[in-house]
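Listed below are the residues making up each chain.
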Amino acid sequence: MSKIIIACGGTGGHLAPGIAVAEVLQERGHQCTLLISHKQVDSALVEKYSHLDFVKSPGRAFAGGLLQRIAFLVSLGQSFFASRRMLRDQQPDLVLLFGGFLSLGLGLAAQIKGIPVALHEANCEPGKAVRVIKHLATRVYLPDGVRLRGVPPECIRYFGYPVRKEIKHALKADAWKRLGIQVPNKLLVIVGGSQGANSLNNWVTQNFAVLAKAGISVYCVTGLGNSSAGTLHEIGKGGVDITATLVPFSGQMGDVISAADLVVSRAGAGSIAEIIRCRAPSILVPYPFAADDHQQANALAHEQHGAGVLLPQSRLDELTAEVIELMFNDWLLAKFKSNLERLDRFESSERIVDDLLALCDAQRIANAEKLEPVT
Ligand SMILES: CC(=O)N[C@H]1[C@@H](OP(=O)(O)OP(=O)(O)OC[C@H]2O[C@@H](n3ccc(=O)[nH]c3=O)[C@H](O)[C@@H]2O)O[C@H](CO)[C@@H](O)[C@@H]1O
């Protein structure tokens, strides 16, 4: 049995793939602890995974002015010492880091203790934490076609983004039923990533009347803390009731995405991987302030694969026309779906787990050789 600690909290895009890998490790009889943050989104996401072992760790993102940077350094120190204690108590064979602020403290503490570090980068433009930790890593998992300067090719693997196993393609009618919605004609789903996207939420409330006239119902995941939950009603053609359902958070993202004829989403790596898994044609509106504009790079790669459309937020006034046009273009939607099928890396979690376990075995052999008396 191997023991692995996974740092994956801070945002859904890091936490969800950590859960995906942990579930495969646990199914195969290995021990796994997931380090998460104190943020509300982490607590909401882990709620239904009581069979996994989560530990909350201090930590905050590197951002803002002088005071926030000082606070970041203080929390990095706290996270480092908490990680050291955890490594001493649990004696893991390896740590797996998904980037973000929680990865730094655990990565540094593991390096000092001589524990191998594996690193997963989800985005087409690698993040700050990954650029710092890459030098400590024995293994780096990257999205297809992405390079990371300074990392030798033999350390890199292209295994894709681990999607949680419950996120799978479902029939639209089944997904509508499980979500408790009636869809008389077409359904547009809006996903703003794990934090929600105010500009997309506002676009829904401002444009729902026009969408309803075109026979388009809406299901929008607004994000925690965005108060606009509830159901809006409009009368569509023939007097039918067309609804826009707004929910702050969903524990059924597989159904939410599968339910859609078309998705409008931010371009987080996790959302894109799930859109691929659920075969949903999409319009991606990258968050314009994401670090190093990485969502733009993610969306561009998706569009270049012929799997969806990129619409910059600066052109949000074109979104309604784009949605109405694409929603009824069956030929293009079918083309996107067949390209989505081709892009699916359905074995990602399993391949990462196989590789992690091989690294653990190699480390055990190396440790045993070190202990063997010289004859
Ligand atoms: C603003 C920002 O910088 N966001 C980054 C953050 O993504 P962020 O966490 O916003 O979003 P992602 O799209 O990557 O993933 C969201 C995850 O949360 C889950 N979810 C979301 C909403 C909900 O109600 N329920 C739920 O379970 C989704 O199913 C998915 O698994 O990390 C990603 C991975 O590094 C990056 O690609 C994103 O750019």
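Per-chain numbering applies: the sequence of each chain, read as written, is numbered from 1 onward. Selection of residues for local features in this predicted model requires a pLDDT of at least 70, selection of side-chain atom pairs for listing and counting requires 80 or more, and totals for whole chains, interfaces and linings are taken over all residues. Excluded from the side-chain calculations are hydrogens and water; all other atoms, namely the structure's heavy atoms, are used.

**Student:** Would you explain the packing of aromatic side chains in this entry?
**Tutor:** One pair of aromatic rings is described through two measures. These are the centre distance and the angle between the planes. Stacked, tilted and edge-to-face pairs are distinguished by plane angle, under 30 degrees for stacked and over 60 for edge-to-face with tilted covering the rest, among Phe, Tyr and Trp rings (Trp via its six-membered ring) whose centres lie within 6.5 Å. Inspection of every chain in the model, using the stated rule, returns three aromatic pairs. A ring pair is formed by Phe80 and Phe81, whose centres lie 5.1 Å apart and whose planes are at 75°; its orientation type is edge-to-face. Burial classes follow relative accessibility: with a 1.4 Å probe on protein chains only, a residue under 20% of its type's maximum area counts as buried, one over 50% as exposed, and anything between as partly exposed. Residue Phe80 is classed as buried on the basis of its relative accessible area, which comes to 15%. Among the residues examined, Phe81 registers a relative accessible area of 44% and is labelled partly exposed.

**Student:** Help me understand the sheet that holds strand β5 (residues 117-120) in this model?
**Tutor:** The seven strands lie next to each other as β3-β2-β1-β4-β5-β6-β7, forming an open sheet whose pairing is parallel. Every interior strand has two partners, whereas the edge strands, β3 (53-56) and β7 (156-157), have only one. Here helix α13 (residues 348-371) sits on the sheet in contact with β1 (3-7), β4 (94-97), β5, β6 (139-141) and β7, set at roughly 175° to β6. Whether two strands pair depends on DSSP finding at least two bridges between them. Put simply, DSSP marks the helices as runs of H or I at least four residues long and the strands as runs of E at least two long, and each gets a number from the N terminus on. Contacts are assigned to residue pairs with any non-hydrogen atoms lying within 4.5 Å of each other. Angles here are taken between N-to-C directions and fall from 0 to 180 degrees, while the axes themselves are lines fitted to C-alpha atoms, restricted in helices to the stretch in contact.

**Student:** Can you walk me through a nonpolar patch on the surface in this structure?
**Tutor:** Judged by side-chain polarity, Leu66, Leu67, Ile70 and Val74 come together as a nonpolar surface patch covering roughly 450 Å² of accessible area. Mapping Val74 onto the fold places it in helix α3 (residues 66-90). Two distance rules govern patches: like charges are joined within 9 Å, and nonpolar side chains (Val, Leu, Ile, Met, Phe, Trp, Tyr) within 5 Å, applied only to residues with over 30% relative accessible area and no salt bridge. Residue exposure ignores everything except the shown protein chains as possible cover, and the areas themselves are Shrake-Rupley values with a 1.4 Å probe. In the sections that follow, a salt bridge refers to a side-chain nitrogen of Lys or Arg positioned within 4 Å of a carboxyl oxygen of Asp or Glu.

**Student:** Looking at this structure, I do not really get helix α7 (residues 198-213). What am I missing?
**Tutor:** Note on helix geometry: an α-helix contains 3.6 residues per turn, so any two residues three or four positions apart are oriented the same way. Here, expected helix span is obtained from the residue count minus one, scaled by 1.5 Å. For α7, built from 16 residues, the straight-helix expectation of 22 Å at 1.5 Å per residue is met to within 8% by its first-to-last C-alpha distance of 24 Å. Of all the bends in α7, the largest measures some 60° and sits at Asn207. Restricting attention to buried positions, one finds in α7 the residues Leu200, Asn201, Trp203, Val204, Asn207, Phe208, Leu211 and Ala212. In this fold, the buried residues of α7 make contact with β8 (186-191), β9 (216-221), β10 (230-235), β11 (241-247), β12 (262-265) and α11 (319-327). Taken from the residues just after α7, Gly215 is the one with a positive phi, measuring 85°. One fitted axis covers the seven residues ending at a residue, a second covers the seven starting there, and the bend at that residue is the angle between these axes.

**Student:** Just to check I follow, could you spell out the domain arrangement of the protein chain for this structure?
**Tutor:** How big an interface is tends to be stated in terms of accessible area lost as the parts join. For the domain bounds, the source is a domain assignment made automatically or taken from a database. As far as domains go, the protein chain holds domain 1 (3-163 + 346-371) and domain 2 (172-343). On the side of domain 2, 15 residues touch domain 1, which itself brings 19 residues to the contact. Buried area is understood as the total, over both parts, of accessible area removed when two parts are fitted together, assessed with a 1.4 Å probe. When the two sides are added together, the surface that domain 1 and domain 2 hide from each other amounts to roughly 1500 Å², 60% of it contributed by carbon and sulfur. When the buried surface of domain 1 facing domain 2 is broken down by residue, Cys124, Glu125 and Val163 rank first, second and third, together holding 31% of it. On the surface where domain 1 and domain 2 come into contact, there are one salt bridge. Its salt-bridge partner being Arg131, residue Asp292 comes within 3.0 Å of it at the nearest N-O pair.

**Student:** Looking at this structure, how should I read the layout of surface pockets?
**Tutor:** In this approach a probe as big as a water molecule rolls over the atoms, and the regions it shows empty are the leftover space. Estimates place the volume of the second largest pocket at around 530 Å³. Together, 22 residues line the second largest pocket, and Pro143, Asp144, Ile272, Ile276 and Leu343 are the ones closest to its centre. Listing elements by their share of the lining of the second largest pocket, those giving two or more residues are α9 (269-277) and α10 (294-304). Take the lining of the second largest pocket: its biggest share by element is five residues, from α9. Here a cavity denotes a set of grid points, spaced 1 Å apart and computed over the protein atoms alone, in which a 1.4 Å probe fits but from which it cannot get out, and a pocket denotes an open set meeting protein on both sides within 12 Å along at least five of seven lines; residues with an atom within 4 Å of a point are reported as lining. Grid points are joined across faces, edges and corners, and a volume is the space filled by probe spheres set on the points.

**Student:** Any chance you could explain the sheet that holds strand β14 (residues 308-310) here in plain terms?
**Tutor:** Pairing between the strands of a sheet is mediated by backbone hydrogen bonds and can be parallel or antiparallel. The strand order β10-β11-β9-β8-β12-β13-β14 describes an open sheet built from seven strands, whose pairing is mixed. Across the chains shown, the open sheet's two edge strands, defined by having one partner strand only, are β10 and β14. Neighbouring strand axes in the sheet, compared pairwise and without regard to direction, differ in orientation by 15° on average. Pairing of β8 with β9 involves six bridges; the strand directions are parallel. Pairing of Ile190 across the sheet is with Cys220, part of β9.

**Student:** Just to check I follow, could you spell out the packing of α3 against helix α4 (residues 101-113) for this structure?
**Tutor:** One way to put it is that α3 packs onto α4 with a least axis distance of 8 Å and a crossing angle of 45°. Overall, the two elements α3 and α4 adopt an arrangement that is oblique. α4 is crossed by α3, and the crossing has right-handed handedness. In contact with Phe72, Leu76, Ser79, Phe80, Ser83, Arg84, Leu87 and Arg88 of α3, α4 contributes Leu102, Leu104, Gly105, Leu106, Leu108, Ala109, Ala110, Ile112 and Lys113. For the contact of α3 with α4, the class distribution of residues is 11 nonpolar, three polar and three charged. With respect to orientation, any angle under 35 degrees is reported as roughly parallel, any angle over 145 as roughly antiparallel, any angle of 65 to 115 as roughly perpendicular, and every other angle as oblique. When the near helix sits turned anticlockwise from the far one by under a right angle, the crossing is termed left-handed; a clockwise turn instead gives a right-handed crossing. Only Asp, Glu, Lys and Arg are considered charged in this grouping, and only Ala, Val, Leu, Ile, Met, Phe, Trp, Tyr, Cys and Pro are considered nonpolar; every other residue, Gly among them, is considered polar.

**Student:** Is there a simple way to explain the nonpolar core in this structure?
**Tutor:** Generally speaking, soluble globular proteins have nonpolar side chains that are buried together. Leu187, Val189, Tyr219 and Val263 are the most contacted members of the largest nonpolar core, which has 36 residues in total. The biggest single contributor to this core is α9, with five residues. Looking at this core, you find at least three residues from each of domain 1 (3-163 + 346-371) and domain 2 (172-343). Aside from chain neighbours lying at most four places away, what touches Val189 is Tyr219, Val256, Ala260, Leu262, Val263 and Val264. Ile4, Leu15, Val41 and Cys360 belong to the second largest nonpolar core, which has 30 residues in total. As used in this record, nonpolar core signifies buried Ala, Val, Leu, Ile, Met, Phe, Trp, Tyr and Cys residues forming a set joined through side-chain atoms within 4.5 Å.

**Student:** Teacher, can you tell me more about the UniProt feature "binding site: UDP-N-acetyl-alpha-D-glucosamine" (unreviewed entry) in the protein chain here?
**Tutor:** UniProt positions are given in the numbering used here, feature names are shortened, and annotations may be inferred rather than shown by experiment. UniProt records the feature "binding site: UDP-N-acetyl-alpha-D-glucosamine" (unreviewed entry) at Thr11, Gly12, Gly13, Asn123, Arg164, Ser194 and Gln295, using the numbering of this structure. Of note, Gly13 is situated in helix α1 (residues 12-27). Classification of Gly13 by relative accessible area gives partly exposed; the value is 29%. Contact partners of Gly13, with chain neighbours within four places excluded, come to Tyr161 and Ser194. Not counting the four nearest positions on each side in its chain, Ser194 is found in contact with Thr11, Gly12, Gly13 and Val41.

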